[in-house]
Structures are given as structure tokens and as C-alpha cells.
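Structural overview
Residues per chain, in single letters:
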Amino acid sequence: IEYRKGGYWLLKRGEQPREYQLKLYHIPHDGKIQEVASFINHYNAILQTSILYADRESNLLMLMLDHQWIELNYLTGEQRIFDIPLLKENQFRVFDIASTQKGLWWIGTSEGLLKIERKEETYQFELFNTQNSGLRNNNCASLLSDSTNDSLLWIGTKGGGLHRMNTQTMDF
């Protein structure tokens, strides 16, 4: 993904068969690749999901590694890992990540839209699906934060069409 302050971010799996590691690289415009961090899957299984997303200032990188939410502050090097029990227990498939108003992150899954809200030193998780919201299909395959209104989230589903959600009122 593009780094708004110059260059790109790259998340790459290990090169050896059955290697359980991912590496994060920063590639500045001069092309000199810098390894920033590495992540090991402690569950000894091939990672099924790995998604990288940068916040609007490009200081905070969010990674989804299977059922873990990883927050990496590029400026300080601080890394924090949070388990998402809902994803771990139910083995949802993760498709996409987006952010809207400050502190709100969204994960598109095979079972609905997962809201992630920062609360001081932790996160709260809430799932929106066809049974408790206006979603017409739970397969939330693609997410896009509206560039003209920070409280709007566009959700592309597999078989349920395109949705627009107001993330302040939670109305579809």
C-alpha cells in the first residue's frame, strides 16, 4: 500500500514452504527496502488471512493475521496485538479492512461487518449482520471509507449488492 509520507508498505509471507512468518517492509522512493517488523504465527498453521491497512496519517498500520488485530505505530515502533475472540471462535473469513471517523475500524467478513472501536488501551468488537442490521447479505467482501464524508462507509457484498452505512447512526 502507498505510504502517504513517501514510498510503500509491503507485507510478505516467508519464502520457505510452511514458514509461519510474515515480514513488513517499507520501500521508500529511493528503492532501498527496509524491514520494519516481523510477525510469527504462534498457532503453527499457515496464515489464512493477512491484510495491511494504514490510517489516514500513515503513522499507524493495522494488520489482520487470522484472528489477531495488530497495531503498529511506525513512528515509535510500538506494536500491540489483540485477539478477536469472535473471529477465533467462529473462523470467519476476513476480506477487507477500512477506517472511518477517528477510532473506528471495520472488517468485512464472511459473516457480516465487524466494528472495531478503540477504547483507551483496548478495543471493543461488535458484529453487524443480516439479523441485527440493514445488511442484505453477510459476505462483506469490500469496504471503502467515503472520501467526502468521514462517517460514511461503503460495503460491497457478495450477492447482496452495495450498501452505504452511516457509522455515526449505524443506519444503512
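First, a word on scope: everything that follows refers to the structure included in this document. Small disclaimer: the values here were computed from a predicted structure and weren't measured. (Residues numbered from 1 in each chain as written. Predicted model: local features only at pLDDT ≥ 70, side-chain atom pairs only at ≥ 80, totals over all residues. Heavy atoms only, no water.)

**Brief notes about the sheet that holds strand E9 (residues 104-109)**
Across the sheet, four strands lie side by side as E8-E9-E10-E11; this open sheet has antiparallel pairing. Of all the strands in the sheet, the pair left with one neighbour each is strand E8 (94-99) and strand E11 (122-128). Between one strand axis and the next, the sheet turns by 20 degrees as a mean value, whatever way the strands run. Pairing of E8 with E9 involves five bridges; the strand directions are antiparallel. (Pairing = 2+ DSSP bridges. Helix = DSSP H or I, 4+ residues; strand = E, 2+ residues; numbered from the N terminus. Axes fitted to C-alpha atoms, helices over the stretch in contact; angles between N-to-C directions.)

**Here we look at the pairing of strand E10 (residues 112-119)**
Relative to E10, E9 runs antiparallel, the two being bridged by six bridges. Of the residues in E10, the one forming a bridge with isoleucine 107 is leucine 114. Between E9 and E10, which pair antiparallel one after the other, the connecting turn spans two residues. The hairpin formed by E10 and E11 contains two residues between the paired strands, and glutamate 120 there has a positive phi angle of roughly 50 degrees.

**Describing the nonpolar core**
Where a protein is soluble and globular, its nonpolar side chains tend to be buried together. Counting residues in each nonpolar core, the largest one holds 14 residues, and the members touching the most others are Trp69, Ile84, Leu87, Ile97, Ile107, Leu114 and Ile116. Put simply, the parts of the chain that give this core at least two residues each are E8, E9, E10 and E11. Counting 11 residues, the second largest nonpolar core, distinct from the first, contains Leu113, Phe128, Cys140 and Leu153. (Core = buried A, V, L, I, M, F, W, Y, C linked by side-chain atoms within 4.5 Å. Buried < 20%, exposed > 50% of the residue type's maximum accessible area, 1.4 Å probe, protein only.)

**Some thoughts on the pattern of salt bridges**
Across all of its chains, the model carries one salt bridge by this definition. Taking the shortest distance from any N to any O, the salt bridge between glutamate 117 and lysine 115 comes out at 3.5 Å. Residue glutamate 117 is classed as partly exposed on the basis of its relative accessible area of 22%. (Salt bridge = Lys/Arg side-chain N within 4 Å of Asp/Glu carboxyl O.)

**Some remarks on the side chain of serine 110**
Relative to the elements of secondary structure, serine 110 occurs in the loop between E9 and E10. According to the relative accessible area criterion, serine 110 is buried, its value standing at 16%. Excluding residues within four positions of it along the chain, serine 110 makes contact with Phe92, Arg93, Phe95, Asn138 and Asn139. (Contact = heavy atoms within 4.5 Å.)

**What about the sheet that holds strand E13 (residues 152-157)?**
One open sheet holds the three strands; their spatial order is E12-E13-E14, and the pairing between them is antiparallel. Only two strands of the sheet have a single neighbouring strand rather than two, namely strand E12 (140-145) and strand E14 (162-166). For this sheet, the mean angle separating the axes of adjacent strands, direction not counted, is 25 degrees. One ladder, built from five bridges, connects E13 with E14; its direction is antiparallel. Paired with leucine 152 across the bridge in E14 is asparagine 166.

**Things to note about the packing of aromatic side chains**
Summed over all chains, the structure comprises one aromatic pair. Between tryptophan 106 and phenylalanine 128, the ring centres sit 6.2 Å apart and the planes meet at 45 degrees, which makes this aromatic pair tilted. Linking tryptophan 106 in strand E9 with phenylalanine 128 in strand E11, this pair joins segments that are 22 residues apart in sequence. Side by side, tryptophan 106 and phenylalanine 128 carry an identical accessibility label, which is buried. (Phe/Tyr/Trp six-rings, centres within 6.5 Å; stacked < 30°, edge-to-face > 60°.)

**So, unusual backbone geometry**
Of note, methionine 170 is a non-glycine position whose phi angle comes to about 65 degrees, a positive value. Among the secondary structure elements, methionine 170 is positioned in the segment after E14.

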